[in-house]
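Secondary and tertiary structure notes
Spelled out, the chains give:
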Number of protein chains: 2
Amino acid sequence: MNQLSRVLEDAVDAFSSLPGIGRKTAMRLALHLAQGDRERPSAFAQTLLRLARDLKTCRNCYAFSDSDFCAICSNPGRDPSLLCVVESVRDVIAIEEIQSFKGHYFVLGGLISPLDGIGPEQLNLSALFDKLRGGNIRELILAIRPTIEGDTTAYYLHRNLPDPNLPVTMLARGVSWGSELEFADELTLSRSLSNRTPYPLTSNGRG
Amino acid sequence: MNQLSRVLEDAVDAFSSLPGIGRKTAMRLALHLAQGDRERPSAFAQTLLRLARDLKTCRNCYAFSDSDFCAICSNPGRDPSLLCVVESVRDVIAIEEIQSFKGHYFVLGGLISPLDGIGPEQLNLSALFDKLRGGNIRELILAIRPTIEGDTTAYYLHRNLPDPNLPVTMLARGVSWGSELEFADELTLSRSLSNRTPYPLTSNGRG
């Protein structure tokens, strides 16, 4: 706590409430905005007010959007029958950055985690099942992180599919490209060994 | 650039304009504020608006303050005759954290740096000289960082003192406490050797 200014200290508190920002960094950021032109904190504030007021959730995929339907869902060049299920908007952005997926997304809004009190009813699962009941999906891709919570969610989802014959795929798991086996964790290495795949690979054109 | 939302992207831009915050971190911070309660970005914005509107500069020392005179300058328990000159408010906060200095500060608002187009007239030097002319200062401490710009500023200040007999001191320079000589940079090590001090130290009670 600096004793100079409550106003400055409040800004430091606000920044240090953000994930990964400690007190020293928060102080640096707040002082950066405090020094010089007063337009800067003011413009920053306006941006955050717009975020609070204008940011919407796409009615189709639950990603963030500026209108009722997001840019991906309203793009006629994308294939709505290929549906990629992800945990959060962060994952949508991460997958969009590789610029190779041309289907639609569905954001669950979390993962099933009984320890954190998050059950299936807290996620957007009923909306997903409604969508799958629409019957226009040819493949459901589970792009969910490989953790206990991710696997639990994938298992629940698969068990409760309206159409048990719907093709469901998941992200490939194994050692990362470019990594050294020596530094792979034991679980990844042992599972990569037991789930070894035929060589050469043919399905993705790398073989 | 994510194609999902302009509003979100503006928030990412705002965060990534801050020092030391890259695009990935900015995205994480913006998504943190976007997800969940809309009160959060709104409260953050209000804090920044107060920073833009209410943060003042102390009329005496040029540090940040909530009123005309900062908490340090208005504290009767502090000694105004011991004046510590610093580059910025950050330095005031850093020195206050060690809780051993009981004098007053004076914030220059920068350092002389001809390459960046910053001359003496851009700093609060005339206010400092006015203060020194007041004659109530018994020691001027130059707590200015040991760089070309810092040394230039200290030199200019010393050369232009209204009273050339005023005792002026500067922060001790040398190898850091607890550091390994092996990892000290060459300039620090060579200057620490040429400016070696009598052993044992007596002036600060460590000898």
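Summary of the structure given here. (Residues numbered from 1 in each chain as written. Chains lettered and ligands numbered in written order. Predicted model: local features only at pLDDT ≥ 70, side-chain atom pairs only at ≥ 80, totals over all residues. Heavy atoms only, no water.)

Of the two same-sequence chains, chain B is brought onto chain A (RMSD 0.1 Å, axial shift 0.0 Å) by a rotation of 180°. One copy is carried onto the other by what is essentially a two-fold rotation axis. In terms of C-alpha distance to the rotation axis, chain B has B:Ala45 as its closest residue, with the C-alpha 2.0 Å off the axis. Most of the interface of chain B is mirrored in chain A: 100% of its interface residues are interface residues there too. (Least-squares fit on C-alpha atoms with pLDDT ≥ 70 in both. Contact = heavy atoms within 4.5 Å.)

It is worth spelling out the sheet that holds strand S5 (residues 139–142) of chain B at this point. Residues and elements named next belong to chain B. Pairing in this open sheet of 4 strands is parallel, and the strands run S4-S3-S5-S6 from one edge to the other. The open sheet has two edge strands, strand S4 (103–107) and strand S6 (168–170), and neither has a second partner. Direction aside, the axes of adjacent strands within the sheet are offset by 30° on average. Across 3 bridges, the pairing between S5 and S6 is parallel. Each residue of the ladder has a partner; that of Leu140, found in S6, is Val168. (Pairing = 2+ DSSP bridges. Helix = DSSP H or I, 4+ residues; strand = E, 2+ residues; numbered from the N terminus. Axes fitted to C-alpha atoms, helices over the stretch in contact; angles between N-to-C directions.)

Residue and element names in this part refer to chain B. Using the criterion set out here, one finds 24 salt bridges over all chains in the structure. Residue Asp13 is joined to Arg6 by a salt bridge in which the shortest nitrogen-to-oxygen separation is 3.7 Å. Taking relative accessible area as the criterion, Asp13 reaches 33% and is therefore assigned partly exposed. Accessibility expressed as a relative area gives 42% for Arg6, which makes it partly exposed. The shortest N-O distance in the salt bridge between Arg133 and Asp130 comes to 2.9 Å. With Arg133 and Asp130 both in helix H5 (residues 125–133), this residue pair falls 3 residues apart, about one helical turn. (Salt bridge = Lys/Arg side-chain N within 4 Å of Asp/Glu carboxyl O. Buried < 20%, exposed > 50% of the residue type's maximum accessible area, 1.4 Å probe, protein only.)

Close contact between helix H3 (residues 39–54) of chain A and helix H1 (residues 6–16) of chain B brings their axes to 9 Å; oriented N to C, the two are set at 150°. Put simply, H3(A) runs roughly antiparallel to H1(B). In the crossing of H3(A) with H1(B), the sense of the turn from one axis to the other is left-handed. Between H3(A) and H1(B), the contacting residues are A:Phe44, A:Thr47, A:Leu48, A:Arg50, A:Leu51 and A:Asp54 on the first element and B:Val7, B:Leu8, B:Asp10, B:Ala11, B:Ala14 and B:Phe15 on the second. (Parallel < 35°, antiparallel > 145°, perpendicular 65-115°, else oblique. Left-handed = near helix turned anticlockwise from the far one by under 90°.)

This model, assessed by the stated rule, comprises 8 aromatic pairs over all chains. Linked through ring pairs, A:Phe15, A:Phe44, B:Phe15 and B:Phe44 together constitute an aromatic cluster. (Phe/Tyr/Trp six-rings, centres within 6.5 Å; stacked < 30°, edge-to-face > 60°.)

Right, let's talk about the sheet that holds strand S3 (residues 79–86) of chain A for a bit. Residues and elements named next belong to chain A. Taken together, the 4 strands give an open sheet; going across it, the order is S4-S3-S5-S6, and neighbouring strands pair in parallel fashion. A strand with exactly one partner marks an edge of an open sheet, and here the two such strands are strand S4 (103–107) and strand S6 (168–170). Strand after strand, the sheet turns through a mean of 30° between neighbouring axes, direction not considered. As defined by bridge partners, S3 adjoins S4 across 5 bridges and the pair is classed as parallel. Directly across from Cys84, in S4, lies its bridge partner Tyr105. Packed onto the sheet, helix H4 (residues 89–97) meets S3 and S4 and runs at close to 160° relative to S4. Contacting S3, S4 and strand S5 (139–142), helix H5 (residues 125–133) crosses the sheet at an angle of about 155° to S3.

Attention shifts here to the interface of chain B and chain A. Each side of the interface is counted separately: chain B has 53 residues, and chain A has 53 residues. In total, chain B and chain A occlude about 5,000 Å² of area from one another, counting both sides; carbon and sulfur atoms represent 73% of this. Where chain B meets chain A, there are 2 salt bridges. Across the pair A:Arg50 and B:Asp10 runs a salt bridge whose closest N-O atoms are separated by 3.7 Å. Put simply, chain B and chain A have 10 residue pairs in polar contact (both at pLDDT 80 or more) between them. Elements that contribute at least two residues to the side of chain B that touches chain A include exactly H1, helix H2 (23–34), helix H3 (39–54), strand S2 (64–65) and helix H4 (89–97) of chain B. Here the element with the most residues in the side of chain B that touches chain A is H3(B); it accounts for 12 residues. By residue class, the composition of the side of chain B that touches chain A is 31 nonpolar, 12 polar and 10 charged. (Buried area = accessible area lost by both parts, 1.4 Å probe. Polar contact = N/O pair within 3.5 Å; in protein donor to acceptor, adjacent residues only side chain to side chain. Nonpolar A, V, L, I, M, F, W, Y, C, P; charged D, E, K, R; others polar.)

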